[in-house]
Amino acid sequence: MFVTKYGERPSKSRAAGRRFSQLACAAFLTLAAGSTSLASEAVQGTPEEVQKQDPLHFLVSLDEQRIDVYRGSELIETSPISSGKRGNSTPTGVFSILEKRRKHFSNLYDNAPMPFMQRLTWSGIALHQGKLPGYPASHGCIRLPRSFAKSIFGMTARGNHVIVTRAAATPMPVTHSALPQPLSPSTKVASLSAQNIAMDPALRGAIQPAVLQTPIAAAEPENPHFDRPLRMIITPQKPPSKNKVLQRLLNELGYNAGPVDGVVGRKTRAAIELYQEGADLPITGNITDSLVARIYREAGYEKPHNAKLRVRRKFRDVYSAPVTIKAAGDDIGTHVFTALDFKQGDPSVEWIAVAAEGERGGASYEILDRLEIPQKVAEDLSKMLTPGTSLTVTDRSYQRNTGLGTDFVVITR
């Protein structure tokens, strides 16, 4: 593992020289071997070129006053920062880069210069070049040294995740069946029996017996959005009112429980008493767990999923579906799972996890144990899955800072 610290960057000219020498040497050896062309060598590429390009993660620790840059689970660069001072503290949470400008001036603070600005919220939080006195001193932004700010400005793209935590966080490899995997390519075989050929005049004499043994493969269509990472989030939903559900089911069973308003009034109690009489139960008009369970069974009612999955691509909603979180009333915390690089047709992909609220809610794999994703939803996600896709599972609200032109923004403090 090679970690570049601020002020210790290798020379770009030397790297470029080595790269030129490698290409020149490869060209000479190819010609000497009598290769038909240099094009085939260029397509194959060097081992460095064919390595997977895992997504970048930017992890900011306010306690450590440091930003760590990871490619996948590998730490590649680190730098000191200066975050927001008291009264203007930098919020913690899950952000993504919304906008980039090499030259920018603050709209809030006297037109102050903010070179190499990378916006995290539309309310004024950004990464940018600034003074680093050795302690939190900004108005909420994350200040970076000039050379580091310039360096990561050239590395990032809109949509890259930036996770801000109090204590330092580290991406950890994670394997779990709840995490989506790429759609397994299937082969469909077109079968032409001798009887089918004999019945079709157009086929008789045109197809030889040997051809019948050759399957016709129909490959899965390629994902046209494969170069666009998805942003997914799962959050608990407020359960439906038990009284409203009971009123609705009693009405469906033919008992007049009145309006479905959740108010257990005279009509609702009369409907309950009528049901209890028909079921040979004590006639009390009271709602008990055993009564509710019996009505649920008789009406064929299944409790709905208690969480919602939402998916965005390029800052726009593209998919949503109900899912379930076990023990949804317990703490969940905020956990970000990210798919590493893979190619279309690969049977699987590795994931990494970042706990954005430390130990709150438990370890990331324990949160995955609590997820129940319907089979149809899992298949849909497999078809949509792309490299760098992230899944955030949280019990925090995302709605206040999420809108048009953003990913799912989760503030954890």
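Residues numbered from 1 in each chain as written. Predicted model: local features only at pLDDT ≥ 70, side-chain atom pairs only at ≥ 80, totals over all residues. Heavy atoms only, no water.

Asks: Please clarify how the environment of Gln276 should be interpreted in this entry.
Replies: Here Gln276 is to be found in helix H8 (residues 266-278). Taking the C-alpha atoms as reference points, Gln276 and Asn286, separated by 10 residues in sequence, lie 9.7 Å from one another. Here Gln276 is in contact with Leu281, Pro282, Ile283, Thr284, Gly285, Asn286 and Leu291, once residues within four sequence places are set aside. A polar side-chain atom of Gln276 sits 2.8 Å from the main-chain amide nitrogen of Thr284. Only 3.0 Å separates the side chain of Gln276 from the backbone nitrogen of Gly285, close enough to count as a polar contact. (Helix = DSSP H or I, 4+ residues; strand = E, 2+ residues; numbered from the N terminus. Contact = heavy atoms within 4.5 Å. Polar contact = N/O pair within 3.5 Å; in protein donor to acceptor, adjacent residues only side chain to side chain.)

Asks: Even after reading the chapter, I still don't get H8, so can you show me in this structure?
Replies: Each α-helix turn comprises 3.6 residues. Residues three or four places apart therefore point the same way. Between its first and last C-alpha atoms H8 spans 19 Å; for 13 residues at 1.5 Å apiece the expected length is 18 Å, and the two agree. All of the buried residues in H8 are Thr268, Ala271, Ile272, Tyr275 and Gln276. An end-on view of H8 places all buried positions within 135° of arc, on one side of the element. For H8, the exposed residues set more than 90 degrees away from the buried face come down to Arg266 and Gly278. Residues of H8 that are buried sit in contact with helix H7 (242-252) and helix H9 (289-299). One or two positions beyond H8, positive phi appears at Asp280, with a value near 55°. (Expected span 1.5 Å × (residues − 1). Buried < 20%, exposed > 50% of the residue type's maximum accessible area, 1.4 Å probe, protein only. Arc of directions from axis to C-beta.)

Asks: For this particular structure, what's the right way to read the layout of surface pockets?
Replies: Taking a probe equal in size to a water molecule and rolling it over the atoms shows the remaining empty space. Taken as a whole, the second largest pocket encloses approximately 590 Å³ of empty space. Taken together, the elements giving at least two residues each to the lining of the second largest pocket come down to strand E2 (56-61) and strand E13 (307-313). When its residues are assigned to classes, the lining of the second largest pocket shows eight nonpolar, seven polar and 11 charged. (1 Å grid on protein atoms, 1.4 Å probe; cavity = no way out; pocket = protein on both sides within 12 Å on 5 of 7 lines; lining within 4 Å. Points joined across faces, edges and corners; volume = space filled by probe spheres on them. Nonpolar A, V, L, I, M, F, W, Y, C, P; charged D, E, K, R; others polar.)

Asks: Sorry, what's going on with the packing of H7 against H8 here?
Replies: When two helices pack together, their arrangement is given by the angle between the helix axes and the distance between those axes. Relative to each other, H7 and H8 sit at 55°, their axes nearing to 11 Å. Between H7 and H8, the interaxial angle falls into the category oblique. Considering the relative orientation of H7 and H8, their crossing is left-handed. Touching Leu246, Gln247 and Leu250 of H7 are Thr268, Ala271, Ile272 and Tyr275, all from H8. Considering only residue class, the contact of H7 with H8 consists of five nonpolar, two polar and no charged. (Axes fitted to C-alpha atoms, helices over the stretch in contact; angles between N-to-C directions. Parallel < 35°, antiparallel > 145°, perpendicular 65-115°, else oblique. Left-handed = near helix turned anticlockwise from the far one by under 90°.)

Asks: Before we go on, may I ask you to explain the sheet that holds strand E7 (residues 117-119) in this structure?
Replies: The pairing of strands in a sheet comes from backbone hydrogen bonds and takes either a parallel or an antiparallel form. The strand order across the open sheet built from four strands is E6-E7-E8-E9, with neighbouring strands paired in mixed fashion. Each edge of the open sheet carries a strand with a single partner, namely strand E6 (99-101) and strand E9 (142-144). Averaged over all pairs of adjacent strands, the angle between strand axes in this sheet comes to 15°, irrespective of strand direction. The pairing of strand E8 (residues 126-129) with E9 spans three bridges and is classified as parallel. Considered in E9, the bridge of Leu127 is made with Ile142. Across the face of the sheet, helix H4 (residues 146-155) comes into contact with E6, E7, E8 and E9 while running at roughly 105° to E9. (Pairing = 2+ DSSP bridges.)

Asks: Sorry if this is basic, but what is going on with the side chain of Arg231 here?
Replies: Inspection of the secondary structure puts Arg231 in strand E12 (residues 230-236). The class for Arg231 is buried, based on a relative accessible area of 8%. There is a polar contact of 3.0 Å between the side chain of Arg231 and the backbone oxygen of Gly388. Engagement of the side chain of Arg231 in a polar contact is seen with the side chain of Ser390, the distance being 3.3 Å. When near neighbours in sequence (up to four residues on either side) are disregarded, Arg231 contacts Gly159, Asn160, His161, Arg310, Val311, Arg312, Gly388, Thr389, Ser390, Asp407 and Phe408.

Asks: What should I look at first to understand the packing of H7 against H9 in this one?
Replies: Between H7 and H9, the least distance of the axes is 10 Å, while the angle of their chain directions is 45°. Considering their axes alone, H7 and H9 lie oblique with respect to each other. You can see that H7 and H9 cross each other, and the crossing is left-handed. Here Lys242, Val245, Leu246, Leu249 and Leu250 of H7 lie close against H9, whose contacting residues are Asp289, Val292, Ile295, Tyr296 and Ala299. Among the residues forming the contact of H7 with H9, the class breakdown is eight nonpolar, no polar and two charged.

Asks: Got a minute to help me understand the confidence of the model for the chain in this structure?
Replies: Atomic detail in the predicted coordinates should be set aside for any region of low pLDDT. Of all residues in the chain, 77% have pLDDT values of 70 or greater, and the mean over the chain is 83. Under a pLDDT of 50 for its full length, residues 7-50 has, in the predicted model, 15 contacts with residues more than four places off or in other chains. Counted against residues more than four places away or in other chains, residues 187-193, with its pLDDT under 50, gives 12 contacts. (pLDDT = per-residue confidence, 0-100.)

Asks: Whenever I open this one, the sheet that holds E12 confuses me. Can you help?
Replies: With mixed pairing, eight strands are arranged side by side in an open sheet as E11-E16-E15-E18-E12-E13-E14-E17. Because the sheet does not close on itself, it has two edges, and the strands there are strand E11 (172-174) and strand E17 (371-372). Bridging between E12 and E13 involves seven bridges; their strand directions are antiparallel. Following the sheet pairing, Arg231 is matched in E13 by Arg312. Contacting E12, E13 and strand E14 (316-325), helix H11 (residues 375-384) crosses the sheet at an angle of about 145° to E14.

Asks: Got a minute to help me understand a positive patch on the surface in this structure?
Replies: Together, Arg158, Arg228, Lys314 and Arg316 give the surface a local cluster of positive charge. The residue Arg228 is located in the loop between helix H6 (209-212) and E12 in this model. (Patch = residues over 30% accessible without salt bridge, like charges linked within 9 Å, V, L, I, M, F, W, Y side chains within 5 Å. Areas by Shrake-Rupley, 256 points an atom, 1.4 Å probe, with all protein chains shown as cover. Salt bridge = Lys/Arg side-chain N within 4 Å of Asp/Glu carboxyl O. Lys, Arg positive; Asp, Glu negative; His and termini not counted. Charge placed at Lys NZ, Arg CZ, Asp CG, Glu CD.)

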